[in-house]
Every structure is written in C-alpha cells, then in structure tokens.
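Descriptive analysis of the structure
Letter by letter, the chains look like this.
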Amino acid sequence: ETTGSKIVYFDNFFLGDGFATQLGDWDNLKLQEPEPVGHTSLTFSATPTIYGDQANFQSMILSGNITAVTMANWIPGIPVWLKFLQDGTGNRTVGGWPTIKWAGGSAPVITVTANKADMQCLVYDGTNYWDCGLRQNQ
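Residues numbered from 1 in each chain as written. Predicted model: local features only at pLDDT ≥ 70, side-chain atom pairs only at ≥ 80, totals over all residues. Heavy atoms only, no water.

Considering the sheet that holds strand β7 (residues 80–86)
Paired through backbone hydrogen bonds, the strands of a sheet run either parallel or antiparallel to each other. One open sheet accounts for 6 strands, arranged β3-β5-β7-β9-β10-β8; its pairing is mixed. Each end of this open sheet is capped by a strand with a single partner; those strands are β3 (39–42) and β8 (100–101). Note that strand β9 (residues 117–124) and strand β10 (residues 129–135) share 6 bridges and pair antiparallel. Residue pairing in the sheet places Met119 in a bridge with Arg135 of β10. (Pairing = 2+ DSSP bridges. Helix = DSSP H or I, 4+ residues; strand = E, 2+ residues; numbered from the N terminus.)

Below is the structure:
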C-alpha cells in the first residue's frame, strides 16, 4: 500500500534496464530531470498561478493589480526568483499571497514607480513557503 508519491531528481543520470525494473516496484515514484532552471515570462493575470517547476527565474510585467497568487508544483529546496516589473503607468500592486513565512512577518510592499522592478525569492521546504530574498526599486 502506498500513501504518497516522491519525486527524485538526478543530474546526468542514465537509467538502464535492470534499474528501471527495480524502480517499477516503487509504485508512485516520479523521476524528473533536470531541476527547473532558466527564465520564463509570465503573462499578466490578476490571479496568477506560479508553477515552481517551470523555471527558477520568472518575470511578469504588471499591467494591473495582482489580487491573489496561487503557487503550484514547487520543488522543495529549489529557490525561485519572481520579478515584478511595473509597466509605463506604474502604481500596480501585488497582494493576495498564500501563506508565506516572510522576513519581518509580513509581505513586502512592492515599488510602484513606473518601469521599476522588484525581485522576490521564495523557497518551498515541502510544507511551507519561505521568503529567501528581496531586491527592490531596480
């Protein structure tokens, strides 16, 4: 009887026949190669879902306010940097974060100056999301 699944990450790994048979005994084992790296541009949404398994650097141009953020498929231990760039109008806000263990106890207020950006680093520990860095007004 299995009660959950596990994702195992391998760098430069070759899966041979014999080992594949052994892994078949682990009913819910998922292999993913490689860990997410690189950049992805997110299309603006007032209620975006940020997929932590897509890239470790993700950016969005704010053309409106974000009112609710959902996070999905985050990989424990892999930090993800989120860049929010104000459009030429500015005064856009980012709010509605899920529960995050923020440095200082509360979510940061982003820079609202037109064409300026903030970068927020978050990491998932398997249970909680943690603030791991902030760069503002760039």
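Some details on the side chain of Arg92
Mapped onto the secondary structure, Arg92 falls in the loop between β7 and β8. Owing to a relative accessible area of 18%, Arg92 belongs among the buried residues under this scheme. Of the polar contacts made by the side chain of Arg92, one reaches the side chain of Asp87; its length is 2.8 Å. (Buried < 20%, exposed > 50% of the residue type's maximum accessible area, 1.4 Å probe, protein only. Polar contact = N/O pair within 3.5 Å; in protein donor to acceptor, adjacent residues only side chain to side chain.)

Regarding the pairing of strand β5 (residues 57–62)
Residues in a regular strand project their side chains so that they alternate between the two faces of the sheet. In terms of strand pairing, β3 meets β5 through 4 bridges, oriented parallel. Each bridged residue has a counterpart across the sheet, and for Thr40 the counterpart in β5 is Gln58. Here β5 pairs with β7 via 6 bridges, running parallel. Opposite Phe57, over in β7, you have Trp81 as the bridge partner.

Structural notes on the packing of aromatic side chains
What the rule picks out here adds up to 4 aromatic pairs. Note on Phe84 and Trp97: the rings are 6.1 Å apart at their centroids and 80° apart in plane angle, and the pair reads as edge-to-face. With a gap of 13 residues between them, Phe84 in strand β7 and Trp97 in the loop between β7 and β8 connect regions that are remote in the sequence. If you follow Lys101 out to its NZ or CZ, it ends over the ring of Trp130, 5.6 Å from the centre. (Phe/Tyr/Trp six-rings, centres within 6.5 Å; stacked < 30°, edge-to-face > 60°. Lys NZ or Arg CZ within 6 Å of the ring centre and 35° of its normal.)

Comments concerning the pairing of β9
For β9, the tally of buried residues reaches 7 of 8 residues, placing the bulk of the element in the interior. Between β9 and β10, which pair antiparallel in sequence order, lie 4 residues; one of them, Gly126, sits at a positive phi of approximately 100°.

A word on the side chain of Thr111
Following the sequence through the fold, Thr111 ends up in the loop between β8 and β9. Judged by relative accessible area, Thr111 falls into the buried class, the value being 15%. Looking at Thr111, its side chain comes within polar contact range of the main-chain nitrogen of Asn137, at 3.2 Å.

Overview of the environment of Trp130
Turning to its location among the elements, Trp130 is positioned in strand β10. Among the residues examined, Trp130 registers a relative accessible area of 38% and is labelled partly exposed. Those residues in contact with Trp130 that lie beyond four places of it in its chain are Ile100, Lys101, Cys121, Leu122, Val123 and Asp125. Here the side chain of Trp130 touches Asp125 through a polar contact of 2.8 Å, side chain to side chain. (Contact = heavy atoms within 4.5 Å.)

A word on the state of the cysteines
Under the defined criterion, the tally for this structure stands at 1 disulfide. With a sulfur-sulfur separation of 2.1 Å, Cys121 is cross-linked through a disulfide to Cys132. Taking the sign of the S-S torsion, -75° for the link of Cys121 and Cys132, the bridge is left-handed. Here the residue Cys121 occupies a position in strand β9, and Cys132 occupies one in strand β10, the gap between them amounting to 11 residues. (Disulfide = S-S within 2.5 Å.)

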